[in-house]
Amino acid sequence: MTGRGDAVGALPPFPGPPDAPVYLDYNATTPVDPRVVEATMPYLTGFFGNPSSSHSYGAEPRRALGEARARVAALIGARADEVVFTGSGSEADLLALRGAVLASGRSRPQVITQATEHPAVLESCRSLERLHGARVTVLPVDADGQVDPAALASELTEATVLVSVMAANNETGALQPVTELAALAHERGALFHCDAAQAVGKIPLDVGELGVDLLTVVGHKMYAPKGVAALYVRDGVRLEPVVHGGPQERGLRAGTENVALAVALGAAARIAAHELDDGTPDWIATLRDTLHQRLRTALPGRVHLHGPEKARLPNTLNVRIDGVLGHELLAAAPGVAASTGSACHSGTHTPSPVLTAMGLDPARALGALRLTLGRWSTPASIETAANALIEAVARH
């Protein structure tokens, strides 16, 4: 692998406990990078001033806030004044969806999304339907979890206000044809929102090339702390504010800015940009494929990939292994920290809505195992995880 240091410093040791399980749940949340912590700490202590204050205590927080905004913008090819900080990705999605629908002034607006979106988008759509009279259209996906642009074209109408389709799925890593979908939406005068929580920092993204009007960035998916995110709002796009009050964040989210967490997101964006340049995604994809091949070799004919083989995130491997349920396998392999995508309610497991939308029956969907790699994945940790999973299957 090429340089892991240079302008952003060398990769620090894994911040988790030394004897912890191999961490393969980076799509759920990432560790906070120690370099991000280091950049953040001064704004939790000495630089405590309100960035809106005109006296000297506000000067450094104001400067740092602007720098953080510029770093997030640079990562996605935006202008700094097009970045709005929020408290979570779910809030950013809400601002995009609710903001666009209410600002449209339409009495019966149409919103189009797709079946494997994050619940933050799907539930926001349902609330718009329930509270604001919106008409919501949910597009199907194919067996790989991708939207057919022709399906979107057939549903667009003069009443369509917004189309919201994610960049990459959190369970399968499936990449959506965002550029083509956004162009179709614009042909009918609709805005296009993209939840890019899982994609930002893992693959190159440029809002201009994608043609999106709104794009969600989430801190804890890219080695910043939880509780900070951002929404790209293309210049000229009108949104109803999500929090009313002061003029902060272009008037779209009132309240004194959390400078420390904004700095954290900016620092994470700077490191992510460096890794995109130095080949880190290719390195991680190689490790992912090594893990997949180890499982297939040891368990011939029993390992099945969910989602596209090529058009997916470089860090994501979603598979099922014939003869064993995903949650049972993870319980039998405590040396691996991963997830299944299924939900457990009162001891009863229900299959992932993402996989069922892709056409998998419940039995197959409950076999799913989501293995997601990240910054601290190594050949040694992948070998350890593969051995633990293979041995657990054998015991099962």
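Residues numbered from 1 in each chain as written. Predicted model: local features only at pLDDT ≥ 70, side-chain atom pairs only at ≥ 80, totals over all residues. Heavy atoms only, no water.

As recorded in an unreviewed UniProt entry, the protein chain goes by Cysteine desulfurase family protein and comes from Streptomyces sp. 900105245. One UniProt comment on the protein chain, placed under Sequence similarities (unreviewed entry), says "Belongs to the class-V pyridoxal-phosphate-dependent aminotransferase family. NifS/IscS subfamily." Under the heading Cofactor (unreviewed entry), UniProt records this for the protein chain: "pyridoxal 5'-phosphate". (UniProt positions renumbered as here; feature names shortened; annotations may be inferred.)

Observations concerning the sheet that holds strand β9 (residues 303-305)
Taking strand neighbours across the sheet as the criterion, the three strands line up as β9-β10-β14 in an open arrangement whose pairing is antiparallel. This sheet does not close on itself; its edge strands, each paired only once, are β9 and β14 (368-372). Direction aside, the axes of adjacent strands within the sheet are offset by 35 degrees on average. Both strand β10 (residues 316-321) and β14 contribute to a ladder of five bridges, which runs antiparallel. Paired with Arg320 across the two strands is Ala368, which belongs to β14. In the packing of helix α9 (residues 280-298) onto the sheet, contacts are made with β9, β10 and β14, and the angle to β10 comes to roughly 10 degrees. (Pairing = 2+ DSSP bridges. Helix = DSSP H or I, 4+ residues; strand = E, 2+ residues; numbered from the N terminus. Axes fitted to C-alpha atoms, helices over the stretch in contact; angles between N-to-C directions. Contact = heavy atoms within 4.5 Å.)

Some thoughts on the packing of aromatic side chains
Any two aromatic rings considered together are summarised by their centre-to-centre distance and by the angle between their planes. Scanning all chains against the criterion turns up six aromatic pairs. Between Phe14 and Trp376 the ring centres are 6.0 Å apart and the planes differ by 70 degrees, which places this aromatic pair in the edge-to-face class. One end of the pair, Phe14, is in the segment before β1 (22-23); the other, Trp376, is in the loop between β14 and α13 (379-395), and 362 residues separate them in sequence. Judged by its relative accessible area of 31%, Phe14 is partly exposed. Arranged with centres 5.4 Å apart and planes meeting at 35 degrees, the rings of Phe48 and Tyr57 form a pair that is tilted. Through a chain of ring-to-ring contacts, three or more aromatic side chains come together here, namely Phe14, Tyr23, Tyr26, Tyr223 and Trp376. (Phe/Tyr/Trp six-rings, centres within 6.5 Å; stacked < 30°, edge-to-face > 60°. Buried < 20%, exposed > 50% of the residue type's maximum accessible area, 1.4 Å probe, protein only.)

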